[in-house]
Amino acid sequence: MALRPGPAGDRVTAVTAPPALRDTLCIEWGACPPGCRDCVEACALARGVARVTALDLAEVSFHGALTCGQCGEPACRDACPTGAIVREESGVVRLDQERCVGCGACAGACAWGGITLDAVTGRASKCDTCGGRPACALACTTGRLRWVETSALARRLGHPDPFTQGVSLCPGCAAELGFRTAFRAIGPDAVVFAAPGCACMLACGLGTAATTRLPSVMSLMTNVPSLMTGVARQLRRSGARTRAVAFVGDGTTADVGFQPLSGAAERGEPIVYICYDNEGYMNTGAQRSSTTLQGARTMTTPVGPGQAGKRQVPKDVAVLMAMHGAAYVATASVSHPEDFAAKLERALAAEDGLAYIHLYAPCHVGWQAPMDAAVEIARMAVLTRVFPLWEARRGRFRLTHPIAHPRPLGDFAGLMGRLRHLDEDGLRALGRAVEERYRRVEALCAALPWQEPGAAGGR
Amino acid sequence: MTTTALRVMDGNKAAAVGVILCRPDLVASYPISPQTPLLEALYRARAEGRLEADTVEVEGENSALSAAIGAAAAGGRAFTATSSMGLMFMYDAYLFASGQRVPVVMTVATREQSAPHTVSSGQQDIMMVKDGGWVQLIAESCQEILDSILVAYRLAEDPRVQLPVNVSYDGYYLSHLSEPVAVPEQGAVDRFLAPVGGGKRPVLSAAAPLTFGAFIVGDLYAGYRYKHCQAMQAALDLADGLDGEFLAAFGREYGGSLEAYRVEDAEILMVAMGSHSGTLKVAVDRLRDEGVAVGLARVRMFRPFPRARLAALLRGRRAVGVVDRSVSFGWNAGHLFVDVKAAAADLEARVPMVNFIGGLAGTDLRREMLEAAVRTTLARGRGEPGPEVVWLNLE
Ligand code: SF4
C-alpha cells in the first residue's frame, strides 16, 4: 500500500485502494481419498475441459486437487506477452481466450500448475471460479475442496476501518486487531472508552493526534462502566442512538475496575463492554493480573527454585458477568473473527442491559513469543480448550465453538516463553485447571441452556 | 425579583429543593451520612414525578461522581452528593472531573475523616480536596445551601469557568437542622440558569468526535494546567458580580466570594467559614455591644481563594483570629489559617494572628467559646504572648 504525507503534512494516508475482497477456493492439500476424481469430472462437464487436476502421489501419500490460486500478483499475467491475463476487481485472474496465442509462457511461469495449455484448442485454460459457484466444490463430498466466502467477514464488518493514522502499538498486537475488528463491526455511531493501558493508544491517541474517527474517552481504570453509565444515559436522553462501547484490558476489568463493572451489570446499564484479555499488565511490562493463566511467568510471578510462575487459576470474569444475569455475555478470540463479529452483533442488539465480551487477545511481547504469533496462540488456546468460546443471554449459556477433541496442551504452551518452563507435572496441573474451566462452562450450558430471545421463560 | 414561599426544612432538604429547581438530567449517588436524606429526597421526588432526572443508584461513590461526569461530558446537567470517606473514595474521579473540565455540581455534607472513626461533623473532608481543582462554595445556612446550588450551576456552566463545583455545608449542624427557607420560583430559577453563552461547550457526540481525557506528554500539559488556573480566576472574578445578579433575581445577597460582617473600624477581624460563622456573628454583635471593635470575614468561596479581598480586609487590623474545623497535619494548624496567613503575606505590615481549632467531630463551638476566642485575639493584638494555635474543646 503506497503511503504519502497527508494534508496535515505530519501524517501518512493510504492512497491506493485496498485489494479487492473476494471469496476463494479452499483446498485441504494432500488429504483427498486416493483415486477420487469427482472435482475433475464435474469441472470437465461444466466447462468442457477440466481446469482442476487431481494429483495422486502414492509414494508420498499425497492425494489432492490442484488448481489456480487466483494469485494477488499472478506470475502468469506478468509472463503473458499479449496481455491476455488480467486480475479483476473481484480477485479472479481471468484469461481472455481471444487474445491468447497459445505460446505457453503462462503455464511455464506458474509454479502451481494453475494454468495449462489445452491440447484441443491450443489455447491456455484456467479456473475462473465459475462466477462464484464452482462446479468442483459443489461436487466434492469430502469437504477437502470447498468454496469459502472469505468476503462474508468483510461484509459483516461493513464499516470503515476506525483508524485515521498510524497506531503506536507493538507490531503484531492482537489487541489492535481486536479493536479494528470490533469497530468495523460496530461502526462510527459509538463513543469508545479506554482506560490506561495499551488500548488508550488505540482509542484516544497521543497528545493532539487522535488515532480514531470515534469520539473517545480515556477513563480511569477505576470508573469505566460508571462513566459509560452517565454518557449512555445522557445520549439516550438526548435521543441519540450512539452506543457507549468500552475496549479495556483485563487489569482494569478483572482487578481494579471490577466493582463498577459489577454495579453496571446489576443495574442493567445499556453499555457494551469489551475486555481484551492479554492476561496481565502488559503496558507496564507484563505483571500478573487475576486473569493470568496458572503457571505463567510474569514479572511478578517469576520462575525460580521458590516459585514456578503464577500459583492461582485465572478469574473467569465472563462467567461472573453471566452470573449477574447480564443481558449478553460472550467470550471471543482474535483468532475467530466471524464468531467475534456475530457476538458483537448480539451485544449491540442487547439494548435492554449490559453486554460484556471477553476477547482473548494474546500479547506476544508479554508472553514472550514471536511478533507474528499472537493469532496462532489465540487459535491454539481455543483448540486446546484453554479458552472456551461461549455466549450467554440472561444467564443462559451455549458453547459457540465446542472442542470435542482438544489438541494437546503442549501445542499451546510451546508457542510462548511464559509457559516454556513448565515440566510434565506443571503441564498436567495446568491441564487439570483448563479442563475444569472447560467442564464448568459445559455444565453451565447443560444446566442453563441458551434461549433465543423472546422464547418462553426468557426474561 | 419574585415572591417566594417560606418553608421550614433542614439543609439536606434545602439542597434537594435546590437541585430539583435546577432540573438536572442525571442524579447519581451512594448513601453516606450525613448526606443520605438529600439523596432520599431526590429519589422520592423522582418517584413522585417532581424530578425528571435519570437517577442512578451506584455501587460506590467513585461511580456516583463518574456517572455524573459522564452525563455532563455528554452534554447533560449532572448532580451528585457525598460526605467524608465517600469523598475520599471518589478522589481519582474528583481530579479527573476538574482536569477534564466537566460542569458537575456536588454537594458535600461535611464530616470528619476516619480514623479514628466517627460520623460526626467537621470540615476535614472538604479540606482534603481543596487543591483538587474544583470551585468550592461553603454555606452558612440552609437558605444559603439552596441558593448556592443555583449559583454553582451558573458558575460551572459558564464557558469562562467550565469547572465542577462543590457546595459544602456542615454535616448535622446544617444537614439535619431545620430553618425557614425561601423557595425560589421555578421560572426565576430557569431564567437565572439560562445557558450562558448559548450553552455551547464541547460534548461527546458521534456527529463531532472529540477525545475526552486525551493522553498528554510534555509542554501541552502545562497549557492545560495554566488554562485551569485561568478558569479558577474567572470563577473568582464572576462570583461577586453573580451575587448582584442573584440579589436582583431572588432578593438575597451573600457578598460573593467573601462576606464582610461588621468590619467597619474593626480592630479585630475574625475569619471563618461554614455554620459556626453564624455563631461568630452573634458573638461579634454581643462584643460590639460591649464596645469591642470586632468584625467577621466569612469565606464563602474557599477555592478559588478570595486572596485579594481578604488581604484588603486584613489590612490595618490589630489582630486576626481564624476559626478552623479541620487540621493541616505538619502545619499543625487549621487549613483556613494557613491560607489566611498566605493572603496576609501580601500586606506591607505584619498582622498578629491566632488560630482556633475546634468543633472537631461534632463538638459544639458555643457562643461563649467563640467570644473567648475574640477576647484572646484582642489580647494578642495588645501584645500578650500565647501559642499561635489554640485548641478549643481539647480533652
Ligand atoms: S504490549 Fe502487548 S498488548 Fe500492548 S501493544 Fe504491545 S503487543 Fe499489544
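What you see is a predicted model, and the numbers here were worked out from it, not measured in a lab.

Undergrad: Whenever I open this one, the packing of helix α1 (residues 11–21) of chain B against helix α2 (residues 36–47) of chain B confuses me. Can you help?
TA: Geometry of a packed helix pair, given as the angle between the helix axes and the separation of the axes. Residues and elements named next belong to chain B. Orientation of α1 relative to α2, taken along the N-to-C sense of each, is 40 degrees, at an axis distance of 8 Å. Between α1 and α2, the crossing angle belongs to the class labelled oblique. Crossing of α1 against α2: the hand is right-handed. Each of Asn12, Ala15, Ala16, Val19 and Ile20 in α1 lies in contact with α2, whose residues at this interface are Pro37, Leu38, Ala41, Leu42 and Ala45. Considering only residue class, the contact of α1 with α2 consists of nine nonpolar, one polar and no charged.

Undergrad: Explanation requested: the nonpolar core in the structure shown.
TA: The tendency in soluble globular proteins is for nonpolar side chains to be buried as a group. Within the largest apolar cluster, 171 residues are counted, with the highest numbers of intra-cluster contacts made by A:Phe193, A:Ile274, A:Tyr356, A:Trp390, A:Phe412 and B:Val271. The greatest single-element share of this core, amounting to eight residues, is contributed by helix α3 (residues 61–73) of chain B. Those residues in contact with A:Tyr356 that sit more than four places away from it in its chain are A:Thr253, A:Leu261, A:Tyr273, A:Cys275, A:Val317, A:Ala318, A:Met321, A:Tyr328, A:Val329 and A:Ala330. By size, the runner-up hydrophobic cluster in this structure holds 59 residues, among which are B:Leu39, B:Leu137, B:Ile145 and B:Met232.

Undergrad: When you look at the site of the ligand in this model, what are you seeing that I'm missing?
TA: In the region of the ligand, the neighbouring residues are A:Leu169, A:Cys170, A:Cys173, A:Cys198, A:Asn278, A:Cys363, A:His364 and A:Val365. Its residues assigned to classes, the shell around the ligand comprises six nonpolar, two polar and no charged.

Undergrad: Is there a simple way to think about a nonpolar patch on the surface in this case?
TA: A contiguous nonpolar patch, built from A:Leu206, B:Phe215 and B:Val217 and spanning about 250 Å² of accessible area, is present on the exposed surface. Secondary-structure assignment places B:Val217 in the loop between β9 (211–212) and α9 (219–250). Here B:Val217 falls in the exposed class, since its relative accessible area comes to 56%.

Undergrad: Hey, could you run me through the sheet that holds strand β7 (residues 165–170) of chain B in this one?
TA: Hydrogen bonds between backbone atoms are what pair the strands of a sheet, whose relative direction is either parallel or antiparallel. Pairing within the open sheet is mixed, and its seven strands lie in the order β3-β2-β4-β5-β7-β6-β13 (chain B). Each end of this open sheet is capped by a strand with a single partner; those strands are β3 (54–57) and β13 (301–303) of chain B. Taken over all neighbouring pairs, the strand axes of this sheet differ in orientation by 20 degrees on average, direction set aside. Looking at chain direction, strand β6 (residues 135–138) of chain B and β13(B) are connected through two bridges and run antiparallel. Residue B:Gln136 lies in a different strand from β13(B), and its bridge partner there is B:Arg303. Along the sheet face, helix α8 (residues 224–237) of chain A touches β2 (26–29) and β3 of chain B and points at about 160 degrees away from the line of β3(B).

Undergrad: Would you mind going over the pattern of salt bridges with me for this structure?
TA: Side chains that differ in sign of charge can pair as their charged atoms come close. Applying the stated criterion to the full structure yields 59 salt bridges over all chains. When the shortest N-O distance is used, the salt bridge between A:Arg428 and A:Asp425 registers 2.8 Å. In this pair, A:Arg428 and A:Asp425 are both assigned in helix α15 (residues 424–447), three residues apart and thus about one turn of the helix distant. On the basis of relative accessibility, which here comes to 45%, the residue A:Arg428 falls in the partly exposed class. Where B:Arg298 meets B:Glu140, a salt bridge forms, and the shortest distance between an N and an O atom there is 2.8 Å. Here B:Glu140 lies in the loop between β6 and α7 (142–157) and B:Arg298 lies in strand β12 (residues 294–299), a separation of 158 residues in the sequence. Relative accessible area serves as the criterion here: at 1%, B:Arg298 is assigned to the buried category. Taking the relative accessible area as the measure of exposure, B:Glu140 reaches 14% and is therefore buried. Among the charged side chains, a salt-bridge network with shared partners connects B:Glu140, B:Glu144, B:Asp243, B:Glu259, B:Lys281, B:Arg298 and B:Arg300.

Undergrad: Looking at this model, I keep getting lost on unusual backbone geometry. Mind explaining?
TA: Most peptide bonds are trans, and most residues other than glycine sit at a negative phi. With an omega dihedral of 0 degrees, the bond running from B:Ser33 to B:Pro34 counts as a cis peptide bond. Along the chain, B:Pro34 turns up in the loop between β2 and α2. Note that the residue after B:Arg303, namely B:Pro304, is joined by a cis bond; omega there is -10 degrees. Position of B:Pro304 among the secondary structure elements: in the loop between β13 and α11 (307–314). One non-glycine residue, A:Ala286, adopts positive backbone phi at about 75 degrees.

Undergrad: Would you mind showing me how to read the sheet that holds strand β20 (residues 396–399) of chain A here?
TA: Spatially, β20(A)-β19(A)-β17(A)-β18(A)-β14(A)-β13(A)-β11(A)-β12(A)-β9(B) is the arrangement adopted by the nine strands of the open sheet, whose pairing is mixed. Where the open sheet ends on each side, the last strands, each with one partner, are β20 of chain A together with β9 of chain B. Two strands pair when backbone bridges link them, and strand β14 (residues 272–277) of chain A and strand β18 (residues 355–360) of chain A are joined in this way by six bridges, in the parallel orientation. For A:Cys275, the partnering residue across the bridge sits in β18(A) and is A:His358. Of the strands in this sheet, β11 (190–194), β13 (243–249), β14 and β18 of chain A are in contact with helix α6 (residues 174–186) of chain A, which crosses β13(A) at around 170 degrees.

Undergrad: Help me understand the interface of chain A and chain B in this model?
TA: How big an interface is tends to be reported as the loss of accessible area on association of its parts. Every contact between the two is made by 37 residues of chain A and, on the other side, 38 residues of chain B. With both sides pooled, the region where chain A packs onto chain B buries about 2700 Å², and carbon together with sulfur makes up 59% of that total. Put simply, chain A and chain B have three salt bridges between them. B:Glu59 serves as the salt-bridge partner of A:Arg267, at 3.1 Å between the closest nitrogen and oxygen. Counting every contact that joins chain A to chain B gives 15 residue pairs in polar contact (both at pLDDT 80 or more). By residue class, the composition of the side of chain A that touches chain B is 17 nonpolar, 14 polar and six charged.

Undergrad: Just to check I follow, could you spell out helix α1 (residues 38–47) of chain A for this structure?
TA: In an α-helix, one full turn covers 3.6 residues, which means residues spaced three or four apart are oriented alike. All names here are of chain A. Those residues of α1 not exposed but buried are Cys39, Val40, Ala42 and Cys43. Projected onto a plane normal to the axis of α1, the buried residues spread over an arc of 165 degrees and lie on a single side. Residues of α1 that are exposed and point over 90 degrees away from its buried face: Glu41 and Leu45. Close packing links the buried residues of α1 with β4 (53–57), β5 (62–66), α4 (135–139) and β10 (145–148).

Undergrad: Would you take a moment to explain the pairing of strand β19 (residues 390–393) of chain A for this structure?
TA: The side chains of a regular strand alternate between the sheet's two faces. Residues and elements named next belong to chain A. A two-sided burial pattern is seen for β19, the buried positions comprising Trp390 and Ala392 on one face and Glu391 and Arg393 on the other. As paired elements, β19 and β20 share four bridges and run antiparallel to each other. Residue pairing for β20: Trp390 is matched across the bridge by Leu399. What sits between the antiparallel neighbours β19 and β20 is a turn of two residues, in which Arg394 has the positive phi angle 50 degrees.

Criteria and cut-off values
Residues numbered from 1 in each chain as written. Chains lettered and ligands numbered in written order. Predicted model: local features only at pLDDT ≥ 70, side-chain atom pairs only at ≥ 80, totals over all residues. Heavy atoms only, no water. Axes fitted to C-alpha atoms, helices over the stretch in contact; angles between N-to-C directions. Helix = DSSP H or I, 4+ residues; strand = E, 2+ residues; numbered from the N terminus. Parallel < 35°, antiparallel > 145°, perpendicular 65-115°, else oblique. Left-handed = near helix turned anticlockwise from the far one by under 90°. Contact = heavy atoms within 4.5 Å. Nonpolar A, V, L, I, M, F, W, Y, C, P; charged D, E, K, R; others polar. Core = buried A, V, L, I, M, F, W, Y, C linked by side-chain atoms within 4.5 Å. Buried < 20%, exposed > 50% of the residue type's maximum accessible area, 1.4 Å probe, protein only. Near = heavy atom within 4 Å. Patch = residues over 30% accessible without salt bridge, like charges linked within 9 Å, V, L, I, M, F, W, Y side chains within 5 Å. Areas by Shrake-Rupley, 256 points an atom, 1.4 Å probe, with all protein chains shown as cover. Salt bridge = Lys/Arg side-chain N within 4 Å of Asp/Glu carboxyl O. Pairing = 2+ DSSP bridges. Buried area = accessible area lost by both parts, 1.4 Å probe. Polar contact = N/O pair within 3.5 Å; in protein donor to acceptor, adjacent residues only side chain to side chain. Arc of directions from axis to C-beta.

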